[in-house]
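This is what each chain is made of:
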Amino acid sequence: MTSSTKIMLIACGSFSPPTPMHFRMFDFPIEIARDHIQQMGLGQVVGGIVSPVHDSYAKKGLVSATHRCAMIKIGLKSSDWIHLSDWETQQEEWTRTRQVLQYHQNYINSYLKDTNGTINNQHIPAWIPEGIKKTAGQVQLKLLCGADLLESFATPGLWKDEDLEAILGYHGIVVISRAGSNPEQFIFNSDLLSRYRRNITIVTNWVTNDVSSTLIRRLLNRGLSVKYLLDDHVTEYIRKFGLFGCNNDT
């Protein structure tokens, strides 16, 4: 990539519920990783996408996509560059991460190449950054993830080899690593990751936050407070609909 390359980040996951840490994955890179990318002459970050998984993923604690999308929208109200994409939730079944990236990248490419206004006459997804057509150069979509997802690449049978080749080779990833972890060692120990090292950007998050969706669900189910752990409006939504075993009277 060159300094003229524009980059969009996409985070895929359950978001059940979406926590401040989910969104901080964006807030941190937009300030720190963007500086790193631009200083290295790799490009410029122009937008972010949150893509919640399909209901058929059937992960423990996964509430319906309708609720998850609503909570994500609430949590992103203060952001002017991160947007929800519900495409994944609208498919007939669970979609592999590689396909999610390919769909969004292909749509971006088609939108930028549209010179006769064909796409403009259709409904433009809200996750397309406003004014992106005024941006010169290509837009590269990269997967934004935590170090745990990076390490999952080595789990036998979890990822298809062709999927990893496409994600790493065609898109690239931005990994949010915690202080004290050693993603460089993990990459060195993997022939596949080493081969695509140039497409892996590592950002160390020095501000630790261990508040996970699992912890939030546990607290809610036990009737305990999640004040300051979730966006207040997201908490109100959860109580209103009694999600995660939460009694709206508590």
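One structure accompanies this document, and this report is about it. What you see as residue numbers is a count from 1 along each chain, following the sequence as written. Predicted model: local features are reported for residues with pLDDT of at least 70 only, side-chain atom pairs are reported and counted for 80 or more only, and whole-chain, interface and lining totals are derived from all residues. Hydrogen atoms and water are omitted, and side-chain values are computed over all heavy atoms in the structure.

Some details on unusual backbone geometry
Convention followed: The buried label goes to any residue with under 20% of its type's maximum accessible area, the exposed label to any with over 50%, and the partly exposed label to all in between, with areas taken from a 1.4 Å probe on protein chains only.
The backbone of F15 sits at a positive phi, close to 55 degrees, despite the residue not being glycine. Its identity is not glycine, yet F244 carries a phi of approximately 60 degrees, on the positive side. When its relative accessible area of 11% is taken as the criterion, F244 is described as buried.

Structural notes on the pattern of salt bridges
Any two side chains of opposite charge can pair, given that their charged atoms come close. Operational definition: By convention in these notes, a salt bridge is any Lys or Arg side-chain nitrogen within 4 Å of a carboxyl oxygen on Asp or Glu. Under the scheme used here, helices are H or I runs from DSSP no shorter than 4 residues and strands are E runs no shorter than 2 residues, and both carry numbers assigned from the N terminus.
Taken as a whole and assessed by the stated rule, the structure comprises seven salt bridges. When the shortest N-O distance is used, the salt bridge between D163 and R98 registers 3.3 Å. Of the two residues, D163 is situated in helix α5 (residues 161-171) and R98 in helix α3 (residues 97-113); the sequence distance between them amounts to 65 residues. Here R195 ties to E165 by a salt bridge, and the two come within 2.8 Å at their closest N and O atoms. Of this pair, R195 sits in helix α7 (residues 191-195) while E165 sits in helix α5; the two residues are 30 residues apart in sequence, bridging distant segments of the chain. One continuous salt-bridge network, built from bridges that share partners, spans R96, R98 and D163.

Topic: the pairing of strand β2 (residues 44-52)
We count it as follows: The pairing criterion is simple: DSSP has to find at least two bridges between the two strands.
Along β2, seven of the nine residues are buried, which leaves the element largely enclosed by surrounding structure. As paired elements, strand β1 (residues 6-13) and β2 share eight bridges and run parallel to each other. Note that in β2 the partner of C12 across the bridge is S51.

Examining the sheet that holds strand β6 (residues 200-205)
The line we're drawing: Axes, fitted as lines to C-alpha atoms, cover a helix only where it is in contact. Angles between the N-to-C directions of the axes lie from 0 to 180 degrees.
In spatial order, the strands read β3-β2-β1-β4-β5-β6; together these six strands make up an open sheet with parallel pairing. This sheet does not close on itself; its edge strands, each paired only once, are β3 (82-84) and β6. The sheet shows a mean angle of 25 degrees between the axes of neighbouring strands, taken without regard to direction. In the sheet, β1 pairs with strand β4 (residues 139-146) via five bridges, with the strands oriented parallel. The residue of β4 that forms the bridge with I7 is Q140.

Side note on the packing of aromatic side chains
Note the cut-off: Side-chain rings of Phe, Tyr and Trp (the six-membered ring for Trp) are treated as a pair once their centres are within 6.5 Å; stacked means planes under 30 degrees apart, edge-to-face means over 60, and tilted covers the remaining angles. We call a charge positioned over a ring when the NZ of a Lys or the CZ of an Arg lies within 6 Å of the ring centre and within 35 degrees of the ring normal.
All chains considered together, the criterion is met by six aromatic pairs. Pairwise contacts between aromatic rings join W87, Y103, Y107 and W127 into one cluster. Across from the ring centre of Y111, 4.7 Å away, lies the NZ or CZ of K133, which sits over that ring.

Thoughts on the side chain of T89
Definition in use: Whenever a nitrogen or oxygen atom comes within 3.5 Å of another N or O atom, the pair is scored as a polar contact, on the condition that within protein one atom can donate a hydrogen and the other can accept it, and that pairs from neighbouring residues in sequence are kept only if both atoms are in side chains.
Counting through the fold element by element, T89 comes out in the loop between β3 and α3. T89 sits in the buried class, given a relative accessible area of 11%. A polar contact is formed between the side chain of T89 and the backbone oxygen of D86, at a distance of 2.7 Å. Polar contacts involving the side chain of T89 include one to the side chain of Q90, which spans 3.4 Å.

A word on helix α9 (residues 232-241)
To keep things clear, this is the line we draw: In this context, the arc is that of the directions from the helix axis out to the C-beta atoms.
Of the positions making up α9, those classed as buried are V234, T235, Y237 and I238. Angular distribution of buried residues about the axis of α9 spans 160 degrees; they occupy a single face of the element. Seen from the open side of α9, the exposed residues pointing more than 90 degrees away from its buried face are H233 and K240. By the N-cap criterion, in which a side-chain oxygen at the helix start approaches the backbone nitrogen of a residue two or three places on, α9 is capped by D231, the distance to H233 being 2.7 Å. With its phi angle positive at about 60 degrees, G242 sits one or two positions after the end of α9.

What to know about the environment of V234
For clarity, the threshold we go by: Contacts are assigned to residue pairs with any non-hydrogen atoms lying within 4.5 Å of each other.
Its location among the elements puts V234 in helix α9. For V234, a relative accessible area of 1% gives the class buried. When the C-alpha atoms of V234 and R68 are compared, they prove to be 10.0 Å apart, with 166 residues separating the residues in sequence. For V234, the contacting residues outside a window of four places in its chain are M71, I74 and G75.

Description of the nonpolar core
We count it as follows: The criterion is simple. A nonpolar core is a set of buried Ala, Val, Leu, Ile, Met, Phe, Trp, Tyr and Cys residues joined through side-chain atoms within 4.5 Å.
Counting 30 residues, the largest nonpolar core has M8, F153, L168 and I173 as its most contacted members. Those elements giving two or more residues to this core turn out to be β1, α3, β4, α4 (147-152), α5, β5 (173-178) and α7. Non-local contacts of M8, meaning those with residues more than four positions away in its chain, are made with V46, G47, G48, I49, I108, W127, P129, I132, V139, Q140, L141 and K142. In this structure, I7, C69, I82 and L84 belong to the second largest nonpolar core, which totals 16 residues.

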